[in-house]
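Descriptive analysis of the structure
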Amino acid sequence: MTDGRKAVCVIGWPIAHSRSPLIHNYWIKQHGLDAEYRREAVPPGEFEAFAARLRERGYIGANVTVPHKQAALNVASPDDRARAVGAANALWYEDGSLRATNTDVEGFLANLDAATPGWDRGLESAIVLGAGGGARAVVFALLSRDVERVYVINRSPERAAALKKQFGARVQVARWEETTGLLGGAGLLVNATPLGMTGQPPLEINLRCPPSLVVADLVYDPLVTGLLAAARERGLRTADGLGMLLQQAVRGFELWFGIRPQVTAELRALLEADLTQHLPPRPHAEMKRQAAPVKPRRNKLRRGGFSA
Ligand code: NAP
């Protein structure tokens, strides 16, 4: 790397599957910047030490992904958004100190605004499936748009209850079997679980709902999930996970390089081609360094016969 060349990375474990380099290196090239965006495979337990020496390693900032999004709050000074969501996915230096933010919130909103304009007009209730990091960003985003009620439905009810405790009375916890009943009165359904992703169990859901329902899926591999396909078959408006992935990248780039990049049709086509040409991500060599194998978790959802 020559003097003056800027570097940014995405830190995760595993990281080989990350599409962030494709997005940011496209913008770097488009804007003629002397910069580079790389992947950094950092196992759990080594993230804090890595982030503490981020600048010494030559980086002006970073994205942070699974499993380090919560830990990112402790290595930097988080903004209000990251603190409220409980996870950060972007790090940057401000006045010499490392800051952290969560760009999934604006990525989720910008994607819905672009794909389904007017989706939040008079929106009284929304249903969010999941209570992990993605779901927390979604709930925070929905409350910021004055959605009156957000029903959170999760495999582990205690995680949904924790979300309600944090975000207050506008968040309600519901059970999986209540989903269809709730769909009748909801304006928005969001899947913030990995269900429907390549290599994961399908999301089985009966979309008995009014034609005004908007459906969003955070999963972007495959591009068109079973949920989105079912929604489109019914003529419902949809927003996909790839759109969110692209939109959430905008703020990070702006924080590092001072340029607000555009999510263009050409960039989206590049990502679509990459997603459809490549085989589903497989455990990468870097994972071999990981400790004990994780016992597969039983899918209570399917076992419990989620047929809402
Ligand atoms: P996370 O923090 O690990 O949370 C996962 C959530 O899904 C938890 O609520 C978990 O329930 C639930 N879940 C996991 N496996 C399940 C199963 N087999 N059956 C039922 N529920 C299950 O993950 P995350 O970061 O929120 O990510 C969730 C999904 O969103 C992933 O597919 C991720 O790639 C995607 N995502 C996409 C974007 C984007 O830009 N498009 C951004 C963020 C996330 P429990 O609480 O019971 O474990």
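Residues numbered from 1 in each chain as written. Predicted model: local features only at pLDDT ≥ 70, side-chain atom pairs only at ≥ 80, totals over all residues. Heavy atoms only, no water.

**Some details on the side chain of T238**
- Within the fold, T238 resides in strand β12 (residues 237–239).
- For T238, a relative accessible area of 13% corresponds to the buried category.
- Here the side chain of T238 touches R232 through a polar contact of 3.0 Å, side chain to side chain.
- Ignoring any residue separated from it by four or fewer positions in sequence, one finds T238 in contact with A115, T116, V215, L228, A231 and R232. (Helix = DSSP H or I, 4+ residues; strand = E, 2+ residues; numbered from the N terminus. Buried < 20%, exposed > 50% of the residue type's maximum accessible area, 1.4 Å probe, protein only. Polar contact = N/O pair within 3.5 Å; in protein donor to acceptor, adjacent residues only side chain to side chain. Contact = heavy atoms within 4.5 Å.)

**Quick notes on the pattern of salt bridges**
- According to the stated counting rule, one finds 15 salt bridges in the structure shown.
- Between R19 and D274 there is a salt bridge, and its shortest N-O distance comes to 2.9 Å. Taken together, the residues R19 in the loop between β1 (6–12) and α1 (20–30) and D274 in helix α11 (residues 265–277) connect sequence positions 255 residues apart.
- For R19, a relative accessible area of 9% gives the class buried.
- Taking the shortest distance from any N to any O, the salt bridge between D240 and R268 comes out at 2.6 Å. Here D240, found in the loop between β12 and α10 (241–257), pairs with R268, found in helix α11; they are 28 residues apart in sequence, far enough to count as distant.
- Classification of D240 as buried rests on a relative accessible area of 9%.
- By relative accessible area, R268 is classed as partly exposed at 23%. (Salt bridge = Lys/Arg side-chain N within 4 Å of Asp/Glu carboxyl O.)

**Re the packing of α10 against α11**
- Where α10 meets α11, the axes come as close as 11 Å, and the angle between the chain directions of the two elements is 125°. The pairing of α10 with α11 is recorded here as oblique in orientation. α10 and α11 meet at a crossing whose hand is right-handed. Across the interface between the two elements, L242, G243 and L246 of α10 pack against L267, R268, L271, E272 and L275 of α11.
- Among the residues making up the contact of α10 with α11, the classes are represented as five nonpolar, one polar and two charged. (Axes fitted to C-alpha atoms, helices over the stretch in contact; angles between N-to-C directions. Parallel < 35°, antiparallel > 145°, perpendicular 65-115°, else oblique. Left-handed = near helix turned anticlockwise from the far one by under 90°. Nonpolar A, V, L, I, M, F, W, Y, C, P; charged D, E, K, R; others polar.)

**Quick notes on the site of the ligand**
- Neighbouring residues of the ligand: 24 residues in total, closest A131, G134, N154, S156 and R159.
- R155 has a polar side-chain atom sitting 3.0 Å from an oxygen atom of the ligand.
- Surface burial for the ligand is 84%, taken as the share of its 920 Å² of free accessible area covered by protein chains.
- Sorting the residues of the shell around the ligand by element identifies α6 (133–144) and α10 as the ones contributing at least two each.
- With three residues, α10 is the single largest residue contributor to the shell around the ligand.
- When the residues that make up the shell around the ligand are grouped by side-chain class, the tally is eleven nonpolar, nine polar and four charged. (Near = heavy atom within 4 Å. Areas by Shrake-Rupley, 256 points an atom, 1.4 Å probe, with all protein chains shown as cover.)

**Concerning the side chain of N89**
- Its location among the elements puts N89 in the loop between α4 (80–85) and β5 (90–94).
- Classification of N89 as buried rests on a relative accessible area of 4%.
- Of note is the side chain of N89, whose polar atom sits 2.8 Å from the backbone nitrogen of T103.
- Beyond its immediate chain neighbours, meaning those up to four positions away, N89 contacts A62, N63, V64, K69, T101, N102, T103, D104 and Q248.

**Focus on helix α9 (residues 226–233)**
- Those residues of α9 not exposed but buried are L227, L228 and A231. The arc that holds every buried residue of α9, seen down its axis, measures 95°, which confines them to one face. Residues G226 and E233 are exposed on α9 and point more than 90 degrees away from its buried face.
- Lining the buried residues of α9 we find β10 (188–191), β11 (214–217) and β12.
- G235 sits one or two positions beyond α9 and adopts a positive phi of about 80°. (Arc of directions from axis to C-beta.)

**Some remarks on the environment of L246**
- Along the chain, the position of L246 falls in helix α10.
- Along the sequence, L246 and G107 sit 139 residues apart, while their C-alpha atoms lie 7.4 Å from each other.
- The contact partners of L246, leaving out residues within four places of it in the chain, are I23, W27, V263, L267, R268 and L271.

**Section: the packing of aromatic side chains**
- Counted under the stated rule, the structure contains four aromatic pairs.
- Each residue in the set W27, F253 and F257 is aromatic and connected to the rest through ring pairs, giving one cluster.
- A cation over a ring is seen here: R55 above Y93, with NZ or CZ 4.1 Å from the ring centre. (Phe/Tyr/Trp six-rings, centres within 6.5 Å; stacked < 30°, edge-to-face > 60°. Lys NZ or Arg CZ within 6 Å of the ring centre and 35° of its normal.)

**Focus: the sheet that holds strand β3 (residues 59–64)**
- A sheet is described by the order of its strands in space; here six strands give the open sequence β2-β1-β3-β5-β6-β4, paired in mixed fashion. The open sheet terminates on both sides in strands that have one partner only, identified here as β2 (35–41) and β4 (77–78).
- Here β5 pairs with strand β6 (residues 97–101) via five bridges, running antiparallel. Residue pairing for β6: L91 is matched across the bridge by A100.
- The sheet contacts of α1 involve β1, β2 and β3, and relative to β2 the element is tilted by about 170°.
- The strands touched by α10 within the sheet are β1, β2, β3, β5 and β6, with β3 carrying the most contacts at an inclination of about 165°. (Pairing = 2+ DSSP bridges.)

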